[in-house]
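Residue-level structure breakdown
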Amino acid sequence: MSQIRSLNEDLQRKAKEELNEVPTRIYEDLKALRKWIEEQAHLYANMDDQFLIAFLRGCKYSVEKAKRKIESYYTLKSAFPTFFNVTNVDSARFREIFRLGPFLYLPKPLHDNGPRIFIMRGGLPTAERFTVEELMAVNHVLQDILMLEDDYAVVNGLVMINDFKTLALTHVLQATPMFLKKFITYNYEAMPLRIKSNHFLNAPKIFDTVYNVGKPMLPLKQQDRIFFHSSLDSLSQYVPLKYLPNDYGGENSSIAEIIEEWDKKLDKYREYFSKSTEWGAHEELRIGETKDYNGLYGIEGSFRKLEVD
């Protein structure tokens, strides 16, 4: 029998209606994924049911799409480990970045039973001491935790709020086309968390350059899900104020409390991330053509169009 958390009634209904989940077929779908992984000589993957079902749900139960996403997930983690595959969540530098609070997953989902709300805060005090890749690497760890334990995020997706009121110029300059290609490919081609809307709050003029370079790289559906706001009043038309943290005038916990809660989660997942060193894609064992990372991510390399929901 599969070892998967039971969904509440509302999430189970949405999984059936929106993600094509058939409870009586889950075991066979998981079995097909595991069999495929075992047949890939180069691929060493987490085979736990709860991990694999996140990819099935994120791909609306297309087993073939789930295979491609798992392949991309481990291939990118192995190719760019400092960016996508941090395994020591106890390092002082990692925890220092995390405790600044640049990435916040709010405890109450939108409308109480909808997508998980994520806030990314740019330009925090002392954040300029870290590279933008170091900062984003912390969130890639948090994404993995979300994928493993948050059914609202996996079934209903994410509503993203990017608060860029004090965005650091040094970080804008580091957001090169190569960086954006890696970041966008991983988040849209490898991660099974579907982004339902992407809100930019108080973005300064200097962000325009990053946006203009990055937008054409996004899937067309995602380009239509981007919204800019100059005030909380504008944002509240999509995310009612009460679903934001107390620090923003809302009722959805406080930034300090969210950081404290997730600090404990990192402790809880310490051994998981340590064990993740055993997983990855070993190009020397791949049967067939190996991945050409320079072609995919080099400045002159062409960027493949992504097809995601």
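As the structure is a computational prediction, the values presented were derived from the model and not from experiment.

Time to look at a nonpolar patch on the surface. Among the surface-exposed residues, Leu169, Leu173 and Ile206 lie close enough to one another that they form a single nonpolar patch of about 290 Å² accessible area. Within the element layout of this structure, Leu173 appears in helix α9 (residues 169-174).

By the criterion of burial, strand β3 (residues 116-121) is predominantly enclosed, with six of the six residues buried. Here β3 shows two buried faces, one formed by Arg116, Phe118 and Met120 and the other by Ile117, Ile119 and Arg121. Of the strand pairs in this sheet, strand β2 (residues 103-105) and β3 are connected by three bridges, and their pairing is antiparallel. Note that in β3 the partner of Leu104 across the bridge is Ile119.

Attention shifts here to the domain arrangement of the chain. Once the domains are mapped, the chain shows domain 1 (1-79) and domain 2 (86-269). Taken over C-alpha atoms, the centre of domain 1 sits 24 Å from the centre of domain 2. With 21 residues of domain 1 at the interface, the matching set in domain 2 holds 20 residues. Summed over both sides, the interface of domain 1 with domain 2 buries roughly 1800 Å², with 56% coming from carbon and sulfur.

This part takes up the nonpolar core. By size, the foremost hydrophobic cluster in this structure holds 92 residues, and its most contacted members are Phe51, Tyr73 and Val239. Two domains each provide a minimum of three residues to this core, namely domain 1 (1-79) and domain 2 (86-269). Discounting chain neighbours no more than four positions away, the residues touching Phe51 are Asn46, Tyr73, Tyr74, Met147, Leu148 and Tyr272. In this structure, Leu11, Leu19, Tyr152 and Val155 belong to the second largest nonpolar core, which totals six residues.

Quick notes on the rules
Residues numbered from 1 in each chain as written. Predicted model: local features only at pLDDT ≥ 70, side-chain atom pairs only at ≥ 80, totals over all residues. Heavy atoms only, no water. Patch = residues over 30% accessible without salt bridge, like charges linked within 9 Å, V, L, I, M, F, W, Y side chains within 5 Å. Areas by Shrake-Rupley, 256 points an atom, 1.4 Å probe, with all protein chains shown as cover. Salt bridge = Lys/Arg side-chain N within 4 Å of Asp/Glu carboxyl O. Helix = DSSP H or I, 4+ residues; strand = E, 2+ residues; numbered from the N terminus. Buried < 20%, exposed > 50% of the residue type's maximum accessible area, 1.4 Å probe, protein only. Pairing = 2+ DSSP bridges. Domains from an automatic or database assignment. Contact = heavy atoms within 4.5 Å. Buried area = accessible area lost by both parts, 1.4 Å probe. Core = buried A, V, L, I, M, F, W, Y, C linked by side-chain atoms within 4.5 Å.

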